[in-house]
Amino acid sequence: ISKGSFYQYFEDKTDLYKHIIQRIIEKKMNYITPVMANPFEHRFIDVVREMNLSGIRFAKENPKFTDIGNFLLKDIKKPFYKEIISDNQGQAHDVYAMLLRHAIARGEVREDIDVEFTARIIFKMSSEVILEEIDLDSDKWMENVIELLNKFMTLIENAISKK
């Protein structure tokens, strides 16, 4: 579209980037599995694993969206980065915190953990593990990511589960 028409649809580049990220998120929601649709019926660690596996499947089946998302979100120096990240991290954090509280109430997770901190760490670390390993040009990237995800989930489970 022409530069003049651009401003009929978007306020600025940040608005465009937000729109693109929102479209990616909407498409990614199609990857919700039964585990994620009924998270309180499953163990916390299984729900988190499934959330990440659905993200991996999305990345494999939507390489263009994955490239765009990675491009927009990898450069923390971009002015819109914090705004977009904080919007989406806040939502993800709230989901992880809610799931953790439920797991604590069920006796599945230790009561002495800091829920807010743990939710933040799980989200950031799982995102980082996955983003670092996605290599759409490699045939084996998905296997490598799943292996790392399984190691990460074991680490988290050992750290927060009741013994």
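Going by the structure above, here's the rest.
None of the values given here were measured: they were computed from a predicted structure. (Residues numbered from 1 in each chain as written. Predicted model: local features only at pLDDT ≥ 70, side-chain atom pairs only at ≥ 80, totals over all residues. Heavy atoms only, no water.)

Participant: Honestly, the overall build of the protein chain in this entry has me stumped. Any pointers?
Facilitator: What the protein chain contains, in helices and strands, is eight helices and zero strands. Element order for the protein chain, N to C, with α for helix and β for strand: α-α-α-α-α-α-α-α. Per-residue burial over the protein chain gives 37% buried out of 163 residues. Excluding contacts between residues fewer than 6 apart, the proportion of contacts in the protein chain whose partners are at least 24 apart in sequence is 67%. When the accessible surface of the protein chain is totalled, it reaches about 10200 Å², and 54% of it is carbon and sulfur. (Helix = DSSP H or I, 4+ residues; strand = E, 2+ residues; numbered from the N terminus. Buried < 20%, exposed > 50% of the residue type's maximum accessible area, 1.4 Å probe, protein only. Contact = heavy atoms within 4.5 Å. Areas by Shrake-Rupley, 256 points an atom, 1.4 Å probe, with all protein chains shown as cover.)

Participant: I keep staring at the pattern of salt bridges and nothing clicks. Help me out?
Facilitator: Two side chains with opposite charge may pair up if their charged atoms get near one another. Enumeration according to the criterion identifies ten salt bridges in this entry. One salt bridge connects Lys162 with Glu111, and the closest N-O pair in it is separated by 2.5 Å. With a gap of 51 residues between them, Lys162 in the segment after helix H8 (141–160) and Glu111 in the loop between helix H6 (81–105) and helix H7 (115–133) connect regions that are remote in the sequence. Its salt-bridge partner being Glu143, residue Lys140 comes within 3.6 Å of it at the nearest N-O pair. A cluster of three or more residues bridged by salt bridges with shared partners is formed by Arg43, Asp46, Arg49 and Glu157. (Salt bridge = Lys/Arg side-chain N within 4 Å of Asp/Glu carboxyl O.)

Participant: Explain the packing of helix H4 (residues 44–61) against H8 to me, please; I cannot follow it from the model alone.
Facilitator: It is the contact of H4 with H8, at a shortest axis distance of 10 Å, that shows an interaxial angle of 160°. Here H8 runs roughly antiparallel to H4, going by the angle between their axes. At the point where H4 passes H8, the crossing takes the right-handed sense. Contact with H4, carried on its side by Phe44, Ile45, Val48, Arg49, Asn52, Leu53, Ile56, Arg57, Ala59 and Lys60, involves Trp141, Met142, Val145, Ile146, Leu149, Asn150, Met153, Ile156, Glu157 and Ile160 of H8 and no other residues of that element. Each residue belonging to the contact of H4 with H8 can be placed in one class, and the counts come to 14 nonpolar, two polar and four charged. (Axes fitted to C-alpha atoms, helices over the stretch in contact; angles between N-to-C directions. Parallel < 35°, antiparallel > 145°, perpendicular 65-115°, else oblique. Left-handed = near helix turned anticlockwise from the far one by under 90°. Nonpolar A, V, L, I, M, F, W, Y, C, P; charged D, E, K, R; others polar.)

Participant: Would you mind going over a nonpolar patch on the surface with me for this structure?
Facilitator: Where nonpolar side chains cluster on the molecular surface, the patch consists of Phe40, Val95 and Met98 and spans about 230 Å² of accessible area. Looking at where Met98 falls in the secondary structure, it is placed in helix H6. Taking the relative accessible area as the measure of exposure, Met98 reaches 39% and is therefore partly exposed. (Patch = residues over 30% accessible without salt bridge, like charges linked within 9 Å, V, L, I, M, F, W, Y side chains within 5 Å.)

Participant: How should the packing of aromatic side chains be read in this particular structure?
Facilitator: Where two aromatic rings form a pair, the distance of their centres and the angle of their planes describe that pair. Here the structure, examined in full by the defined rule, presents five aromatic pairs. The interplanar angle of 85° and the centroid separation of 4.9 Å between the aromatic rings of Phe6 and Tyr7 together place this pair among those described as edge-to-face. Note on Tyr31 and Phe58: the rings are 5.4 Å apart at their centroids and 90° apart in plane angle, and the pair reads as edge-to-face. Taken together, the residues Tyr31 in the loop between helix H2 (13–28) and helix H3 (34–37) and Phe58 in helix H4 connect sequence positions 27 residues apart. Both residues of the pair, Tyr31 and Phe58, belong to the buried class. Counting every residue linked through ring pairs, the aromatic cluster contains Phe6, Tyr7 and Phe10. (Phe/Tyr/Trp six-rings, centres within 6.5 Å; stacked < 30°, edge-to-face > 60°.)

Functional significance is not addressed by these values, which are geometric in nature.
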